[in-house]
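# Structural features, examined
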Amino acid sequence: MNPKLFTFFIVFFVPLITAEAQSELGEGFFSPNTTEAETLYLFDIPNSRAGSQERPTDSITFIKRYANHVDGIGYAPQNFAPFHEKLDYGVFIIRVKRLGRDHHEIVINEETGKTAYVRAWQGNFMTWGEFFLNCHSVEFIDKNQKVFDKPMIKSAGRVVSPTYFRARYIMGAWMEVEILGDDYNTVKGKGWIRWKKDGKLLITYNLFS
């Protein structure tokens, strides 16, 4: 994973991906190595091997004022809409539909589900679990969801308020969390919550404090 993803701390709430996209969360996220290359090449050949005579069908370029600082996107395909892009804060993550040895299939438009392929070595892969562990906090979508003492719903569960949490561990569809107060900092206890079910997210998330 790319440690630069979470370098800055501001109040920021990430919108949920569309209901259609939620039906297939994918494998995680791809973050291009923007400090090492100025162009991310896109391909439409799903099974092309590294080193073959493949030709990109499109690309994404980056604006750089300094050698190791990216300010934004210079060029991207029409209707490019990644999971989240805020390069001036070091954040650029694209959802991975299929994880491959040489190429990953990424979602380049979260509204339509359109995909393309990128070379795996041109960026870093991050699982959903790693993503949540690097978020400042997470919240229930449905405020009536319950917090459990143990995963797999081995206890009756309880409703808490507010429903602000900080991820501690990820185990499958379950997340051990710290229960936070209104200030997002005070720890009021610990518990387990379910973060996905039937391929859909049950939580939203805040990247920064």
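An account of the accompanying structure is given in this report. (Residues numbered from 1 in each chain as written. Predicted model: local features only at pLDDT ≥ 70, side-chain atom pairs only at ≥ 80, totals over all residues. Heavy atoms only, no water.)

### What about the overall build of the chain?
The criterion, for reference: Strands are runs of DSSP state E lasting at least two residues, helices are runs of H or I lasting at least four, and both sets are numbered from the N terminus onward. In this scheme, a residue with accessible area under 20% of its type's maximum is buried, one over 50% is exposed, and one in between is partly exposed, where area comes from a 1.4 Å probe on protein chains only. Two residues qualify as a contact provided that any one of their heavy atoms is within 4.5 Å of a heavy atom in the partner residue. Using a 1.4 Å probe, the Shrake-Rupley method yields the accessible areas, and only the shown protein chains count as cover for residues.
The number of helices and strands found in the chain is two helices and 16 strands. Counting over 209 residues, the chain shows a buried share of 46%. In the chain, the share of contacts with a sequence separation of at least 24, taken over all contacts with a separation of at least 6, comes to 55%. Summed over all atoms, the accessible surface of the chain reaches about 10,900 Å², with 49% contributed by carbon and sulfur.

### So, the sheet that holds strand β10 (residues 137-140)
The condition that has to hold: In this scheme, strands are said to pair when DSSP sees at least two bridges between them. Orientation is described by lines fitted to C-alpha atoms, with helices fitted over the stretch in contact, and by angles between N-to-C directions that extend from 0 to 180 degrees.
Spatial ordering of the open sheet is given by β13-β12-β11-β10-β16, a layout of five strands whose pairing is antiparallel. Here the strands that pair on one side only, and so sit at the sheet edges, are β13 (187-194) and β16 (203-206). Strand-to-strand twist in this sheet, taken as the mean axis angle between neighbours without regard to direction, amounts to 40°.

### Concerning unusual backbone geometry
Omega for the bond connecting Ser161 with Pro162 falls within 30 degrees of zero, at -5°, which places this linkage in the cis form. Of note, Pro162 is situated in the loop between β10 and β11 (164-171). Backbone geometry at Tyr184 places phi at a positive 65°, although glycine is not the residue there. Mapped onto the fold, Tyr184 is located in the loop between β12 (174-180) and β13. Even without being a glycine, Asp198 presents a positive backbone phi close to 55°. For Asp198, the location among the structural elements is in the loop between β14 (196-197) and β15 (200-201).

### Focus on the pattern of salt bridges
Put simply, the rule is: Salt bridges are counted wherever a side-chain nitrogen of Lys or Arg sits within 4 Å of a carboxyl oxygen of Asp or Glu.
In total, this model carries seven salt bridges according to the counting rule given. Between Arg158 and Asp149 there is a salt bridge; the shortest N-O distance is 3.1 Å. According to the relative accessible area criterion, Asp149 is exposed, its value standing at 52%. Each member of the salt-bridge network shares a partner with another, and the members are Arg166, Arg168, Glu176 and Glu178.

### Some words on the side chain of Glu139
What counts is decided by this rule: Within 3.5 Å is the distance limit for a polar contact, defined as a pair of N or O atoms, with the added protein rule that one can donate a hydrogen and the other accept it, and that residues adjacent in sequence qualify only through two side-chain atoms.
Secondary-structure assignment places Glu139 in strand β10. Reaching out from Glu139, the side chain makes a polar contact with the side chain of Asn206 at a distance of 3.1 Å.

### Points about the nonpolar core
Worth spelling out the cut-off: To form a nonpolar core, buried Ala, Val, Leu, Ile, Met, Phe, Trp, Tyr and Cys residues must be joined to one another through side-chain atoms within 4.5 Å.
Grouped together as the largest cluster of nonpolar side chains are 26 residues, with contacts concentrated most on Trp128, Phe131, Phe132, Phe165, Met175 and Ile193. Mapped by element, the contributors of at least two residues to this core are β6 (91-98), α2 (128-133), β10, β11, β12 and β16. If sequence neighbours within four positions are ignored, Ile193 has contacts with Val138, Phe140, Lys146, Val147, Phe165, Ala173, Trp174, Met175, Val177 and Ile203. Counting 15 residues, the second largest nonpolar core, distinct from the first, contains Leu40, Val70, Leu87 and Ile94.

### A closer look at the environment of Arg98
Along the chain, the position of Arg98 falls in strand β6. The sequence separation of Arg98 and Gly28 amounts to 70 residues, and the corresponding C-alpha distance is 8.9 Å. Only 2.9 Å separates the side chain of Arg98 from the side chain of Glu105, close enough to count as a polar contact.

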